[in-house]
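Single-letter residue listing:
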Amino acid sequence: MKKGVIAISVILLVAAGAVLPAGYFGHLAEQTLKSRMANMPYGMQVDVVEYQRGWFSSTARLEWRPVGALSLPGPGLSEAAAENAYVLVVREFVSSGVMAIDLEIAHGPVFFAVGPGMGLFNARGRIDWKGDLAEAEAQLLADEDNSIDIHVRSFLGGTVAGRLEFQNLNWALGPVSMNLAGGRLAGEWSGSSAFQLRRAALEKMDVNSGMAGAGVRVSLSDIESRTEYPQGLQSGAILYPAESVSSIGALEIAGSGGNTLMSMTGLSSLDSASVGEDGLYRVDGKMEIQSLSIREKEFAPVELDYESGGFSDAAVLKLVTALNAGMFEAPPGLRAQDEPPQAPLSTPDAAPPGVLPRLNAEVKDALRALLMDGPYAQAGAVATYQGDQSLKMLMRQAFHPDRVPAGVDAASLQGVLSALDYLLDIEMPKAVAQELLGEGPLQAGLAQGLLKQTDAAYSLRLAFGDGGTLKLNEREIPLPLPTAPPPPFEEDEFSPFDQNEPSDF
């Protein structure tokens, strides 16, 4: 009898140890989830708008709003621009409003509501993606599920792991449709402000444009990226140190008649982003393509090396924020009450005929801040044509803030041209040029000075710099630069605006 009482007592104690702390674990799970969601980089912040905590399980509603319209045309765009299906597709996505996620959360120390287990919490949810493909495009669809599954879990709270998965996502607007299949996005929070995007993968993506006379189908498969952020992704940041390896198994672009315009296999890239002691970021990368065919012409392999830098997180974030509010000013004569609410006229399409749009003051100020950091970029590529002929390309550009003349705005056309260096150098073996371009265009290019030839190759070299000097194949081309407008008056020793003299103004 005593043994039975002891056994029952032990069972009760164990049960109490598993049940009584559940309320505390529920409170800790809520605080951990809210803390992790609040610490996300720019454009990825998720708000916990509702949380209903229970003893063994809880529910939460998360909301994410896509990044703003990025100066895409608002409702006031012209009919010609409105017919551009690509503009409409992108605008529809970025202005699609809030995306809501409802989570069901089981919290420990022992939980059963979302699958059996132990730990702090385990959560699951689903996003329903509204698809609206035309009936004629139904053959593209493999599944009508159109939903994304969300899983978030943590054993001790120090690290929170999450993943998004879907089988098929189908979406269409007008003549443009998109299908994504086999997607997975996995990451983890290793601290209150450190998010690591570990892996992103997509089995297949198909984009179809059914526009009359210009139909194009783009297909990609086996897309994968693995990224490590040594310092995490800080809340609100848009640039951060990172190391990533990416690959695309295959890419194919086909015309409306089904003919293949371009095909590629075996793309891989390695990228590294770092920040220097001056607080400016740089990116170094290398990309390789095993096979590339353009209109049945073979280019393989292809090697590309690139680097860019001179960007600060503050300047880039300032520019993106300004662009989200609208890139251009409203045209002269347009009354404020005539503007669509929350949709500033942001493209030349909204301006009256003959009136050039002007950059918003906020955009120009952000562009000025970006240029004053001295951004630069360089890329070099080598492609092997038909297995034994090398085509080479080098592109280099840089902005030198110290070259901007005194009194000239760096964000003005005169300021940009006076401080910009640009170089484009292309070299192509003669046999390859004759096959790809033809003898007629080659001779015309030589006669006009667009091309230069040696015993073995044709080349093109375009260089701009030295305060506004343009050279084509070492031949200088006059390029009159705009000049700053003269001051409204000439100051002298009798100027009424002299700070040392009293003024009636």
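Residues numbered from 1 in each chain as written. Predicted model: local features only at pLDDT ≥ 70, side-chain atom pairs only at ≥ 80, totals over all residues. Heavy atoms only, no water.

## Looking at the confidence of the model for the protein
Model confidence for the protein is summarised by a mean pLDDT of 77, while 73% of its residues fall at 70 or above. Across residues 8–20 the pLDDT falls below 50, and counting only partners more than four positions away or on other chains, this stretch makes seven contacts in the model. A low-confidence stretch, residues 334–351 stays under pLDDT 50, and its non-local contacts, those more than four residues away or across chains, total 33 contacts. (pLDDT = per-residue confidence, 0-100. Contact = heavy atoms within 4.5 Å.)

## Observations regarding the pattern of salt bridges
Close approach of charged atoms lets side chains of opposite charge pair. With the rule as written, the count across this model stands at 22 salt bridges. In this structure, Glu165 and Arg163 form a salt bridge, with 3.2 Å as the shortest nitrogen-oxygen distance. Judged by relative accessible area, Arg163 falls into the partly exposed class, the value being 26%. Across the salt bridge formed by Arg226 and Glu224, the nearest N and O atoms sit 3.3 Å from each other. When its relative accessible area of 25% is taken as the criterion, Glu224 is described as partly exposed. Through salt bridges with shared partners, one network takes in Lys318, Lys364, Asp365, Arg368 and Asp409. (Salt bridge = Lys/Arg side-chain N within 4 Å of Asp/Glu carboxyl O. Buried < 20%, exposed > 50% of the residue type's maximum accessible area, 1.4 Å probe, protein only.)

## Thoughts on unusual backbone geometry
Ala300 connects to Pro301 through a cis peptide bond whose omega is -5°. Looking at where Pro301 falls in the secondary structure, it is placed in strand E15 (residues 297–311). In this structure, Arg295 is a non-glycine residue whose phi angle is positive, near 50°. Looking at where Arg295 falls in the secondary structure, it is placed in the loop between strand E14 (281–294) and E15. Of the residues examined, Arg295 reaches a relative accessible area of 59% and is grouped as exposed. (Helix = DSSP H or I, 4+ residues; strand = E, 2+ residues; numbered from the N terminus.)

## What about the nonpolar core?
Looking at soluble globular proteins, one finds that nonpolar side chains tend to be buried together. Residues Leu33, Leu103, Ile105, Phe121, Ile150 and Val152 are the most contacted members of the largest nonpolar core, which totals 31 residues. For this core, the elements supplying multiple residues, two or more each, are helix H2 (22–38), strand E2 (57–64), strand E3 (99–107), strand E6 (121–128), strand E7 (147–154), strand E8 (160–173), strand E9 (176–191) and strand E10 (194–209). The element best represented in this core is E3, accounting for four residues. Leave out the neighbours within four places in its chain, and Val152 touches Leu33, Phe121, Asn122, Ala123, Val160, Ala161 and Gly162. Core analysis: the second largest hydrophobic core is formed by 24 residues, Leu251, Ile289, Ala381 and Tyr385 among them. (Core = buried A, V, L, I, M, F, W, Y, C linked by side-chain atoms within 4.5 Å.)

## Focus: helix H5 (residues 313–324)
Compared with the 16 Å implied by 1.5 Å per residue over 12 residues, the 16 Å span of H5 between its first and last C-alpha is a close match. Ala315, Val316, Leu319, Val320 and Ala322 are the residues of H5 that are buried. All buried residues of H5 fall inside an arc of 165° around its axis, so they share one side. Of the surrounding secondary structure, the elements contacted by the buried residues of H5 are E15 and helix H6 (361–371). (Expected span 1.5 Å × (residues − 1). Arc of directions from axis to C-beta.)

## Overview of the environment of Ala273
If you trace the backbone, Ala273 turns up in strand E13 (residues 260–275). Distance in space between the C-alpha atoms of Ala273 and Tyr240 is 7.1 Å, their sequence separation being 33 residues. The contacts of Ala273, once residues within four sequence positions are left out, are Tyr240, Pro241, Ala242, Arg282 and Val283.

## Points about a nonpolar patch on the surface
The grouping of Met118, Phe155 and Leu156 at the surface amounts to a nonpolar patch, some 410 Å² of accessible area in total. Positionally, Phe155 belongs in the loop between E7 and E8. (Patch = residues over 30% accessible without salt bridge, like charges linked within 9 Å, V, L, I, M, F, W, Y side chains within 5 Å. Areas by Shrake-Rupley, 256 points an atom, 1.4 Å probe, with all protein chains shown as cover.)

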